[in-house]
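Each chain, letter by letter, is given below.
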Amino acid sequence: MSQNQPILRLAGLLKKFNGFTALDSVDLSVSEGEFLAIVGPSGSGKTTLIRLLVGMDEQTDGTIWLRDERLDTVPANERPTCMVFQSLALFPHRTVGQNIEFPLKIRKVDAARRKERALELLNLLRLPEHYYDRRINECSGGERQRIALARALAFDPEILFFDEPLSALDYRLRKTLEKELKDLHQRTGKTFIYITHSLEEAMVMSDRIAIMRKGQFEQIGPGEEIYARPQSRFVAEFMGEVNLFPARPGEGAHAFEGLAVDDKAAAQQGLIAAEGAYLMVRPEKVRVLEEGERADFTTAGTVHAGYLLGSRRQYEIERGDQKPLIIEIVQDGSPPLADGARVRLGFDAGDTHLVERD
Amino acid sequence: MDALQRRLGTLYAVPAVALLVLSFVAPLLVVAAFSTMPQGVFSLLHLPDFSAYGTLVTQGYWQSLLWSLFMAFAATVILFVISWPLAFGMAKVFKRFTLVLTIGVVLTLFVSENIRLFGWVLTLMKGGLIDGYLGAWFGGGLEGALYNVPVIIFGLVYVYFPFMLFPLAQGIAMVPDDARQAARDLGASRWQILTEIDLPLSAPGIVVGSLFTFVLATGALAEAKLLGGSAVIVMAAEVETAFTYGQDWPLGSALSMTLIAIVAVLAIFTIARIDLDSIMGRRG
């Protein structure tokens, strides 16, 4: 088995519901041991995709391959994959131990071996061994997450799917579990495919992120790459606060709405104002210019509102009838910008990125 | 606040308790008292006399008791098996059709049980509907369809069908879909989903449906009389006879008490064994 062969491959996977195309002929390769996050707003097709992957639904067209074997023709209960449900779907009439042992019991593993494995998994998930005899309804939300995970691991799947299992938890617990999950991925070496609408969650945990939009993959790549070089406005805006300046091709080769530009610097970076393109700059790359200070791109506006974000302070800068500019300044002890103050802003061509389409 | 709620709770329970005492416990006590009345005395002021219970054993009334229990048990088991698929469909598969089915089944209850059973007698009897058609078409007839134990059990199954179907559908509706899907995802076959998920999680419905049918069928009278002729004499028939033709109130009461005691023990035992709250995974 070569490391390069993908463990999972989708080819032209299509799913229609009464004429509505939920999944539009997607292709995807996932390599062995990868942690892939599939992110998208609701209705983007990510839930449809995972339902096809685990066999809860049947595709209209296309194929799913697990290494060299067709997966989509295999019934759900015979697929060597497993899913952690959004609702967790723990069995309320069984104890913690019985829940974890369920897949082993199904395979008729003997009771002693089952218990041994369940205790191993309790340890792996950092749950005390006496939880073995607990009832599910005596466990907290975080504990239930771990039990659901232990149950899925007991199945020993080739690929472990997650359908937004953390979405119902409070922020602190979610953060803790995100890290635990990443850690667990490293320790088990299994392939994880994680569906979420939270980009933050995807960034923290995954090796690669696939952004879904209208039933298709809009962009697939490592988190850093998607953050720094989004291919579309949709991805750029999905990946957090961003400033986008529409191109004005009629006004010059490097003209973007509301910006004064140093043509030479822009040309060097290849920032061509093509029709439909946007110039993107992240809020933390924009700086407030001193009197006479220069930058490759400059603009001016009025400070409208300031928000403290812990180590940084974010401001909205009003610029006439254009979209307000968002900037973030590291808190270094200097006084905050006053509301209504007139500021000149600038950023360098090297800190920008050209987004080619909507 | 807590104390107030408790007081209110007690107050709210008063009407129901009063009604139960007057209409259920009191008659029961009267029957219990009658059952220990010496024969021919006809007064409640006497020393208890348990000879009626002795008669129950010596005169072979236990046979009727066993027949009643056996036929009720058989009817309950058959009802469970035939109702399960339909109840499952009503709870999980049929959508609007569930309502149609519910109305259809409930409508049958609008016609008196005896009339419906007479309908079956006319259908099954010699020279009746089926026998007549079979004779006209094939020359052969339907011999001995009535007046035996299987036809009594059939009658019980027919009459108590709704009492099993609806609680069962209710129980199955409580099984969470995601638990079924998760079990399947974890490798369970259809049979394993049935035994590991569906049956245990719909246990409250199964218990309620089975108790309804069993308790009602144990005390059933009309099925054995109308369909069964008098192939076997059921307990309820013995009670009726003792009170009416026999004019032996102590014996009738003793028979009733025995039946009530057996059914009560069974019911309490079953309900106590099954912890409804834990089955439903109710949060504390």
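All of these numbers come straight from a predicted model, not from anything done at the bench.

## Thoughts on the overall build of chain A
Line of reasoning, step 1. Each helix and strand counted, chain A has nine helices and 19 strands in total.
Line of reasoning, step 2. Expressed along its principal axes, the backbone C-alpha trace of chain A runs to roughly 80 × 50 × 40 Å.
Line of reasoning, step 3. Within chain A, contacts between residues separated by at least 24 positions form 67% of all contacts whose residues are at least 6 apart in sequence.
Line of reasoning, step 4. Element-wise, carbon and sulfur atoms account for 47% of the exposed surface of chain A, whose accessible area totals about 16400 Å².
Line of reasoning, step 5. Averaging the coordinates of the 47 positive side-chain charges in chain A and doing the same for the 55 negative ones gives two points 6 Å apart.

## Focus: empty space enclosed by the protein
Line of reasoning, step 1. In the structure shown here, the tally under the stated rule is three cavities of 30 Å³ or more.
Line of reasoning, step 2. Surrounding the largest cavity, 15 residues form its lining, Leu125, Leu149, Leu177, Glu180 and Leu181 of chain A being those nearest its centre.
Line of reasoning, step 3. Looking at the lining of the largest cavity, the elements that each hand over two or more residues are helix H4 (141-154) and helix H5 (171-188) of chain A.
Line of reasoning, step 4. If one sorts the elements of the lining of the largest cavity by residue count, H5 of chain A sits on top with five residues.
Line of reasoning, step 5. The volume enclosed by the second largest cavity comes to roughly 50 Å³.
Line of reasoning, step 6. Forming the boundary of the second largest cavity are Ser68, Met71, Ile152, Leu156, Ala217, Thr218, Ala220, Glu223, Ala224 and Val234 of chain B.
Line of reasoning, step 7. For the lining of the second largest cavity, the secondary-structure elements that each account for two or more residues are helix H3 (61-93), helix H7 (149-173), helix H10 (203-218) and helix H11 (222-226) of chain B.
Line of reasoning, step 8. Counted by class, the lining of the second largest cavity contains seven nonpolar, two polar and one charged residues.

## Focus: the interface of chain B and chain A
Interfaces are often described in size by the accessible area the parts lose on coming together.
Line of reasoning, step 1. Taken together, the 21 residues of chain B in the interface contact 26 residues of chain A.
Line of reasoning, step 2. Counting the surface chain B buries against chain A, the share from its top three residues, Asp185, Leu186 and Glu196 of chain B, is 35%.
Line of reasoning, step 3. Put simply, chain B and chain A have two salt bridges between them.
Line of reasoning, step 4. Residue Arg94 of chain A pairs with Glu196 of chain B through a salt bridge whose shortest N-O separation is 3.2 Å.
Line of reasoning, step 5. Counting the contacts that link chain B with chain A gives eight residue pairs in polar contact (both at pLDDT 80 or more).
Line of reasoning, step 6. Secondary structure elements with two or more residues in the side of chain B that touches chain A: helix H8 (177-185), helix H9 (190-201) and helix H14 (276-279) of chain B.
Line of reasoning, step 7. At seven residues, the largest contribution of residues to the side of chain B that touches chain A is made by H8 of chain B.

## Remarks on the nonpolar core
Proteins that are soluble and globular tend to have nonpolar side chains buried together.
Line of reasoning, step 1. The biggest cluster of nonpolar side chains holds 74 residues, and the ones touching the most others in it are Leu8, Leu10, Ile38, Leu49 and Ile100 of chain A together with Ile197 of chain B.
Line of reasoning, step 2. Among the elements that make up this core, the one with the highest residue count is H4 of chain A (seven residues).
Line of reasoning, step 3. Residue contacts for Ile38 of chain A: discarding those within four places in its chain leaves Lys46, Leu49, Ile193, Tyr194, Ile195, Thr196, Ala210, Met212 and Phe217 of chain A.

## A look at the layout of surface pockets
Line of reasoning, step 1. Reported here for the largest pocket is a volume of approximately 540 Å³.
Line of reasoning, step 2. Forming the boundary of the largest pocket are 17 residues, of which Arg180, Gln181, Arg184, Arg190 and Ile193 of chain B lie nearest the centre.
Line of reasoning, step 3. Residue assignment for the lining of the largest pocket shows that the elements contributing at least two residues are helix H1 (46-54) of chain A together with H3, H8 and H9 of chain B.
Line of reasoning, step 4. Its residues placed into classes, the lining of the largest pocket shows seven nonpolar, two polar and eight charged.

## With respect to H10 of chain B
Line of reasoning, step 1. Compared with the 22 Å implied by 1.5 Å per residue over 16 residues, the 22 Å span of H10 of chain B between its first and last C-alpha is a close match.
Line of reasoning, step 2. Residues of H10 of chain B that are buried include every one of Ala203, Pro204, Gly205, Ile206, Val207, Gly209, Leu211, Thr213, Phe214, Ala217 and Thr218 of chain B, and no others.

## Quick look at the pattern of salt bridges
Line of reasoning, step 1. Taken as a whole and judged by the stated rule, the model has 32 salt bridges over all chains.
Line of reasoning, step 2. Several salt bridges share partner residues, and in doing so they unite Lys15, Arg51 and Asp57 of chain A into one network.

## Quick look at unusual backbone geometry
Residues and elements named next belong to chain A.
Line of reasoning, step 1. Not every positive phi belongs to a glycine, and Lys108 is a case in point at roughly 60 degrees.
Line of reasoning, step 2. If you trace the backbone, Lys108 turns up in the loop between helix H2 (96-106) and helix H3 (111-124).
Line of reasoning, step 3. Phi angles above zero are rare outside glycine, and Glu164 is one such case at about 45 degrees.
Line of reasoning, step 4. Within the secondary structure, Glu164 sits in the loop between strand E7 (159-163) and H5.

## A few points about the domain arrangement of chain A
Residues and elements named next belong to chain A.
Line of reasoning, step 1. Per the domain assignment, the segments making up chain A are domain 1 (6-235) and domain 2 (241-355).
Line of reasoning, step 2. Taken together, the contact pairs seven residues of domain 1 with seven residues of domain 2.
Line of reasoning, step 3. Buried area between domain 1 and domain 2, summed over both chains or domains, comes out near 640 Å², and the portion from carbon and sulfur atoms is 55%.
Line of reasoning, step 4. For the domain 1 face of the interface with domain 2, the top three residues by lost area are Tyr227, Pro230 and Arg233, together amounting to 77%.
Line of reasoning, step 5. The interface formed by domain 1 and domain 2 contains zero salt bridges.
Line of reasoning, step 6. Applying the counting criterion to the domain 1 and domain 2 interface returns four residue pairs in polar contact (both at pLDDT 80 or more).
Line of reasoning, step 7. Residue classes in the side of domain 1 that touches domain 2 are distributed as three nonpolar, two polar and two charged.

## Structural notes on the pairing of strand E16 (residues 312-319) of chain A
Residues and elements named next belong to chain A.
Line of reasoning, step 1. Pairing analysis gives seven bridges linking strand E15 (residues 297-309) to E16, with the strands arranged antiparallel. Residue Thr302 lies in a different strand from E16, and its bridge partner there is Glu318.
Line of reasoning, step 2. Remark: two residues form the turn of the hairpin made by E15 and E16, two consecutive strands paired antiparallel; Gly310 in that turn has positive phi of roughly 75 degrees.
Line of reasoning, step 3. In this structure, E16 lies alongside strand E17 (residues 322-330), joined through seven bridges in antiparallel fashion. When the bridges of E17 are listed, Glu316 appears paired with Ile326.
Line of reasoning, step 4. Following E16, the chain reverses through two residues before pairing antiparallel with E17; Gly320 in that reversal takes a positive phi of roughly 60 degrees.

## Let's talk about the sheet that holds E7 of chain A
All names here are of chain A.
Line of reasoning, step 1. Within the open sheet, the six strands sit side by side as E6-E7-E8-E3-E9-E10. Their pairing is mixed. Among the strands making up the open sheet, the edge pair consists of strand E6 (81-84) and strand E10 (216-221). Ignoring which end each strand starts from, the neighbouring axes of this sheet average 20 degrees apart.
Line of reasoning, step 2. Most of the contacts of H5 go to strand E8 (residues 191-196), to which it runs at about 160 degrees, and overall it touches strand E3 (35-39), E7 and E8.

Cut-offs applied
- Residues numbered from 1 in each chain as written.
- Chains lettered and ligands numbered in written order.
- Predicted model: local features only at pLDDT ≥ 70, side-chain atom pairs only at ≥ 80, totals over all residues.
- Heavy atoms only, no water.
- Helix = DSSP H or I, 4+ residues; strand = E, 2+ residues; numbered from the N terminus.
- Contact = heavy atoms within 4.5 Å.
- Areas by Shrake-Rupley, 256 points an atom, 1.4 Å probe, with all protein chains shown as cover.
- Lys, Arg positive; Asp, Glu negative; His and termini not counted.
- Charge placed at Lys NZ, Arg CZ, Asp CG, Glu CD.
- 1 Å grid on protein atoms, 1.4 Å probe; cavity = no way out; pocket = protein on both sides within 12 Å on 5 of 7 lines; lining within 4 Å.
- Points joined across faces, edges and corners; volume = space filled by probe spheres on them.
- Nonpolar A, V, L, I, M, F, W, Y, C, P; charged D, E, K, R; others polar.
- Buried area = accessible area lost by both parts, 1.4 Å probe.
- Salt bridge = Lys/Arg side-chain N within 4 Å of Asp/Glu carboxyl O.
- Polar contact = N/O pair within 3.5 Å; in protein donor to acceptor, adjacent residues only side chain to side chain.
- Core = buried A, V, L, I, M, F, W, Y, C linked by side-chain atoms within 4.5 Å.
- Buried < 20%, exposed > 50% of the residue type's maximum accessible area, 1.4 Å probe, protein only.
- Expected span 1.5 Å × (residues − 1).
- Domains from an automatic or database assignment.
- Pairing = 2+ DSSP bridges.
- Axes fitted to C-alpha atoms, helices over the stretch in contact; angles between N-to-C directions.

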